Amino acid sequence: MLELKEVSVVFNKGKANETNAVKSVNLRIERGEFVVLIGANGSGKSTLINAISGSAQLTSGSIHLNNQRIDYLSENRRSRFVSKVFQDPLSGTAPDLTVVDNFRLAAIRSKAKKLTVGIDKDFKKQVEDIVAVLGLGLEKKLNLRMGSLSGGQRQALTLLMSTMDDTELLLLDEPAAALDPKTAELIMQLAKAMITKRKLSAILITHNLKHAQTFGSRLIQMREGILCRDISGEAKKNLTPSEMVEWFN
């Protein structure tokens, strides 16, 4: 369970260009709850999930995961249980390393600095089994450089790597925005399946209103740093993209 209490993020505080990006946000997300976050550019969506992941510093408030306060932890320490997938398929992986090497890095990211996971036959078989679920044949290409793969292939692998360890919260910052429609649908269905199977709490940022309607159990709209709509259940199911367009007027 994720809980934000009076979370605010101010950039350039006290200066002429001071920006109140997130304003006293209170939010509770239960375990296994899949929340979709929408809003215009500059509404505070990415800043909010960056604050949760630790890449943006809180100005005030607190963040709790499973009743433990985490906002004082560094981004690296939070990565043990908070995973983030970016819009750019080139982010989140090491392009000059092989696919299996990238999975090894994902497997040790939350462990002690000493490298405790080796690439032996068992580990490689584990990765093959994980990757095979994609149905893309990538389990036969584990020794290829990550940078040689397409953007969609890299994004699919990044999603799989994001839950290699003890992840409890998955943050998805427009993970399908840079992909063609067919690949975008694959990525979204994969994310949905992973969230359901692992019973992860998840937040998806998207500008795709069809995805906002189709995915997730709850829909939140941000505007000017605040949460202005919070819709779930039948009310969300009955929404249409055209209705959501009207929210931006």
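Residues numbered from 1 in each chain as written. Predicted model: local features only at pLDDT ≥ 70, side-chain atom pairs only at ≥ 80, totals over all residues. Heavy atoms only, no water.

> When you look at the pattern of salt bridges in this model, what are you seeing that I'm missing?
Pairing is possible between side chains of opposite charge, provided their charged atoms come close. Inspection of the entire model under this criterion finds seven salt bridges. Between Glu33 and Arg218 there is a salt bridge, with its nearest N and O atoms 3.4 Å apart. Residue Glu33 is found in the loop between strand S2 (19-29) and strand S3 (34-38), and its partner Arg218 is found in strand S9 (residues 218-223); the two are separated by 185 residues along the sequence. As far as burial versus exposure is concerned, Glu33 and Arg218 are alike and both buried. Here Arg218 and Asp230 are joined by a salt bridge, their closest N and O atoms 2.7 Å apart. (Salt bridge = Lys/Arg side-chain N within 4 Å of Asp/Glu carboxyl O. Helix = DSSP H or I, 4+ residues; strand = E, 2+ residues; numbered from the N terminus. Buried < 20%, exposed > 50% of the residue type's maximum accessible area, 1.4 Å probe, protein only.)

> For this particular structure, what's the right way to read the layout of surface pockets?
Using a probe with the size of a water molecule, rolled over the atoms, empty space left in the structure can be pinpointed. Counted as a void, the largest pocket has a volume near 480 Å³. Lining the largest pocket are 19 residues; nearest its centre among them are Ser79, Lys84, Phe86, Gly92 and Arg109. Listed by contribution, the elements that provide at least two residues to the lining of the largest pocket are helix H2 (75-78), strand S6 (82-85), helix H3 (99-108) and helix H5 (151-161). Residue classes in the lining of the largest pocket are distributed as six nonpolar, nine polar and four charged. Empty space within the second largest pocket amounts to approximately 290 Å³. (1 Å grid on protein atoms, 1.4 Å probe; cavity = no way out; pocket = protein on both sides within 12 Å on 5 of 7 lines; lining within 4 Å. Points joined across faces, edges and corners; volume = space filled by probe spheres on them. Nonpolar A, V, L, I, M, F, W, Y, C, P; charged D, E, K, R; others polar.)

> I would appreciate a short explanation of the pairing of strand S10 (residues 226-232) in the present structure.
Regular strands show a simple pattern: their side chains alternate between the two faces of the sheet. Inspection of the sheet shows S9 paired to S10 by six bridges, in the antiparallel sense. Looking across to S10, one finds that Met222 is bridged to Leu227. Adjacent in sequence and paired antiparallel, S9 and S10 are bridged by two residues, among which Glu224 carries a positive phi angle near 50 degrees. (Pairing = 2+ DSSP bridges.)

> It is not clear to me how the sheet that holds S2 should be interpreted in this structure. Could you clarify?
The pairing of strands in a sheet comes from backbone hydrogen bonds and takes either a parallel or an antiparallel form. Strand order in this open sheet of four strands is S2-S1-S4-S5, and the pairing throughout is antiparallel. Two strands in the sheet have a free side with no partner beyond their single neighbour: S2 and strand S5 (68-69). Sheet contacts for helix H1 (residues 45-53): strand S1 (2-11), S2 and strand S4 (60-65); angle to S1, the most-contacted strand, approximately 115 degrees. (Contact = heavy atoms within 4.5 Å. Axes fitted to C-alpha atoms, helices over the stretch in contact; angles between N-to-C directions.)

> What is the right way to read the packing of H5 against helix H6 (residues 181-198) from this model?
A pair of packed helices is characterised by two quantities: the angle between their axes and the separation of those axes. Following both chains from N to C, one finds H5 and H6 inclined at 5 degrees, their axes separated by 10 Å at the closest point. For the element pair H5 / H6, the angle class is roughly parallel. Mapping the contact onto sequence places Gly152, Gln155, Ala156, Leu159 and Leu160 in H5 and Thr183, Ile187, Leu190, Ala191 and Met194 in H6. In the contact of H5 with H6, the residues fall into seven nonpolar, three polar and no charged. (Parallel < 35°, antiparallel > 145°, perpendicular 65-115°, else oblique.)

> What exactly am I supposed to notice about the sheet that holds strand S8 (residues 201-205) here?
Strand order in the open sheet formed by six strands is S6-S7-S8-S3-S9-S10, and the pairing between neighbours is mixed. Strands with a single pairing partner mark the edges of an open sheet, and in this sheet they are S6 and S10. Averaged over all adjacent pairs, the angle separating strand axes in this sheet is 20 degrees, with direction ignored. Packed onto the sheet, H6 meets S3, strand S7 (169-173) and S8 and runs at close to 165 degrees relative to S7.

> I'm lost on the nonpolar core in this one. Help?
Where a protein is soluble and globular, its nonpolar side chains tend to be buried together. Counting residues in hydrophobic clusters, the biggest one holds 45 residues, and the most contacted among them are Phe103, Val131, Leu157 and Leu159. At the level of elements, S3, H3, helix H4 (121-132), H5, S7, H6, S8 and helix H7 (209-214) are the ones that each hand at least two residues to this core. Ranked by residues supplied to this core, first place goes to H6 with seven residues. Within the second largest apolar cluster, 27 residues are counted, among which are Leu2, Val9, Val25 and Leu58. (Core = buried A, V, L, I, M, F, W, Y, C linked by side-chain atoms within 4.5 Å.)

> Would you take a moment to explain H3 for this structure?
Working note: α-helix, 3.6 residues per turn, so residues spaced by three or four point in the same direction. Burial of H3 is extensive: eight of the ten residues sit out of reach of the surface. Buried within H3 are the following residues: Val99, Val100, Asn102, Phe103, Arg104, Ala106, Ala107 and Ile108. Those residues of H3 that are buried lie in contact with H4 and H5.

> I tried to follow the environment of Ser83 on my own but got confused; where do I start?
Structurally, Ser83 can be placed in strand S6. Linking Ser83 and Met161, residues 78 residues apart in sequence, is a C-alpha distance of 9.2 Å. Excluding residues within four positions of it along the chain, Ser83 makes contact with Arg109, Ser162, Thr167, Leu169, Leu170 and Leu171. At 2.5 Å, the side chain of Ser83 and the backbone oxygen of Ser162 are in polar contact. In this structure the side chain of Ser83 is engaged in a polar contact, spanning 2.7 Å, whose partner is the side chain of Thr167. (Polar contact = N/O pair within 3.5 Å; in protein donor to acceptor, adjacent residues only side chain to side chain.)

Read these as layout, nothing more, since geometry by itself doesn't imply function.
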